[in-house]
Amino acid sequence: DAGVIQSPRHEVTEMGQEVTLRCKPISGHNSLFWYRQTMMRGLELLIYFNNNVPIDDSGMPEDRFSAKMPNASFSTLKIQPSEPRDSAVYFCASSPSGSGYNEQFFGPGTRLTVL
Amino acid sequence: GNSVTQMEGPVTLSEEAFLTINCTYTATGYPSLFWYVQYPGEGLQLLLKATKADDKGSNKGFEATYRKETTSFHLEKGSVQVSDSAVYFCALTVGAQGGSEKLVFGKGTKLTVNP
């Protein structure tokens, strides 16, 4: 069975450019989470969706970041304009229900480098 | 608020040594507790979990017991292998009563096991 799919796996871009990260959750999962991982700050939750609706975006660092989930099988995280401090590994995870008691299944991550 | 504190790494052990990674938490409600593992270049995956006091989670020779009186969930393994080299994250979530469905992660502990 396919797990959570993220693309691209690696992205190198220049400061000021728009970056779009993509995620396909596991079929049937109705919660989706976006995380950012850096050495300095560890693993941070940016935003999560339940049934395609954003529930909590308090972790989104600033207005340059936006996330959408147009349907149950696709989500995007966009950074516009990108800055060097956005360099990190971005993970998408999905869960079979909204309850936090359930396991979250993580994708392999997108390593973003902003020059 | 909800938070997780785990021992700082890195931890370096020889094969077949005993492993303990300490984890303590603070929570506004009654949390469920998790250990996730991240192998090099991969996303996180659930290692074990416990949902109520005195529960013991176990998997792949790892164990952790939910200790409400000491607000702890220490990870242990009796005999580590080289293949256990990874970063280990302690995490919690408070269910609907706590108003949050988010996983709150510790900063991670890097384990290296030498042959």
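Structure: above.
Worth saying up front: this structure is predicted, and the values here are computed from it rather than measured.

Reading the values: the criteria
Residues numbered from 1 in each chain as written. Chains lettered and ligands numbered in written order. Predicted model: local features only at pLDDT ≥ 70, side-chain atom pairs only at ≥ 80, totals over all residues. Heavy atoms only, no water. Helix = DSSP H or I, 4+ residues; strand = E, 2+ residues; numbered from the N terminus. Rg over C-alpha atoms; globule rule 2.2 N^0.38 Å. Buried < 20%, exposed > 50% of the residue type's maximum accessible area, 1.4 Å probe, protein only. Contact = heavy atoms within 4.5 Å. Areas by Shrake-Rupley, 256 points an atom, 1.4 Å probe, with all protein chains shown as cover. Lys, Arg positive; Asp, Glu negative; His and termini not counted. Charge placed at Lys NZ, Arg CZ, Asp CG, Glu CD. Pairing = 2+ DSSP bridges. Axes fitted to C-alpha atoms, helices over the stretch in contact; angles between N-to-C directions. Buried area = accessible area lost by both parts, 1.4 Å probe. Salt bridge = Lys/Arg side-chain N within 4 Å of Asp/Glu carboxyl O. Polar contact = N/O pair within 3.5 Å; in protein donor to acceptor, adjacent residues only side chain to side chain. Nonpolar A, V, L, I, M, F, W, Y, C, P; charged D, E, K, R; others polar.

J.: Could you clarify how one ought to interpret the overall build of chain B in this entry?
T.: Each helix and strand in chain B was counted, giving zero helices and twelve strands. Counting helices and strands in the order they occur from the N terminus, chain B gives β-β-β-β-β-β-β-β-β-β-β-β. Taken over the C-alpha trace, chain B has a radius of gyration of 14 Å; the compact-globule value for 115 residues is 13 Å, and the two agree within 12%. Its C-alpha atoms give chain B principal-axis dimensions of roughly 45 × 30 × 20 Å. Expressed as a percentage of the 115 residues in chain B, the buried residues total 44%. Long-range contacts, defined as pairs at least 24 residues apart, comprise 55% of the intrachain contacts of chain B with a sequence gap of at least 6. Surface summary for chain B: the accessible area is close to 5400 Å², and the carbon and sulfur share equals 48%. Here chain B contributes 10 positively and 11 negatively charged side chains, and the mean placements of these two sets differ by 6 Å.

J.: Could you clarify how one ought to interpret the sheet that holds strand β7 (residues 56-59) of chain B in this entry?
T.: The strands making up a sheet associate through backbone hydrogen bonding, with each pair oriented either parallel or antiparallel. All names here are of chain B. Ordered by their spatial adjacency, four strands build an open sheet running β3-β9-β8-β7, and the pairing between neighbours is antiparallel. Each of the sheet's edge strands pairs with one partner strand only, and the pair in question is β3 (19-21) and β7. On average, adjacent strands in this sheet sit at an angle of 15° to one another, irrespective of strand direction. Pairing geometry for β3 and strand β9 (residues 75-77), over three bridges, is antiparallel. Bridging from a neighbouring strand, threonine 20 pairs with glutamate 76 of β9.

J.: Help me understand the interface of chain B and chain A, please; the structure alone is not making it clear to me.
T.: Taken together, the 20 residues of chain B in the interface contact 21 residues of chain A. Here chain B meets chain A over a buried area of about 1700 Å², counting both sides, of which 52% is carbon and sulfur. Linking chain B with chain A are zero salt bridges. Counting every contact that joins chain B to chain A gives two residue pairs in polar contact (both at pLDDT 80 or more). Secondary structure elements with two or more residues in the side of chain B that touches chain A: β5 (31-38), β6 (44-50) and β10 (86-94) of chain B. Residues belonging to the side of chain B that touches chain A are distributed by class as follows: eight nonpolar, seven polar and five charged.

J.: What is the right way to read the environment of A:Asn50 from this model?
T.: Residue and element names in this part refer to chain A. Positionally, asparagine 50 belongs in strand β5 (residues 42-50). Looking at asparagine 50, the relative accessible area reads 18%, which means it is buried. Separated by 21 residues in the primary sequence, asparagine 50 and histidine 29 have C-alpha atoms spaced 9.3 Å apart. Polar side-chain contacts of asparagine 50 include one of 2.8 Å to the side chain of serine 31.

J.: I tried to follow the sheet that holds strand β1 (residues 5-7) of chain A on my own but got confused; where do I start?
T.: Residues and elements named next belong to chain A. Taken in spatial order, the four strands make up an open sheet running β1-β3-β8-β7, and their pairing is antiparallel. Only two strands of the sheet have a single partner each, and these edge strands are β1 and β7 (65-71). Sheet twist, expressed as the mean angle between neighbouring strand axes with direction ignored, is 15°. As paired elements, β1 and strand β3 (residues 19-24) share three bridges and run antiparallel to each other. Note that in β3 the partner of serine 7 across the bridge is arginine 22.

J.: Can you help me understand the pairing of strand β9 (residues 88-95) of chain A in this one?
T.: Consecutive side chains along a regular strand alternate between the two faces of the sheet. Residues and elements named next belong to chain A. Of all eight residues that make up β9, eight are buried, and the element is covered over most of its length. Taken together, the seven bridges between strand β4 (residues 31-38) and β9 define a ladder with antiparallel strand orientation. Bridged to tyrosine 35 within β9 is phenylalanine 91. As paired strands, β9 and strand β11 (residues 110-114) are joined by three bridges and run antiparallel to one another. Bridging across to β11, valine 89 finds its partner in arginine 111. Where β9 lies against strand β10 (residues 105-106), two bridges are found, and the strand directions are antiparallel. Note on β10: the bridge partner recorded for alanine 93 is phenylalanine 106.

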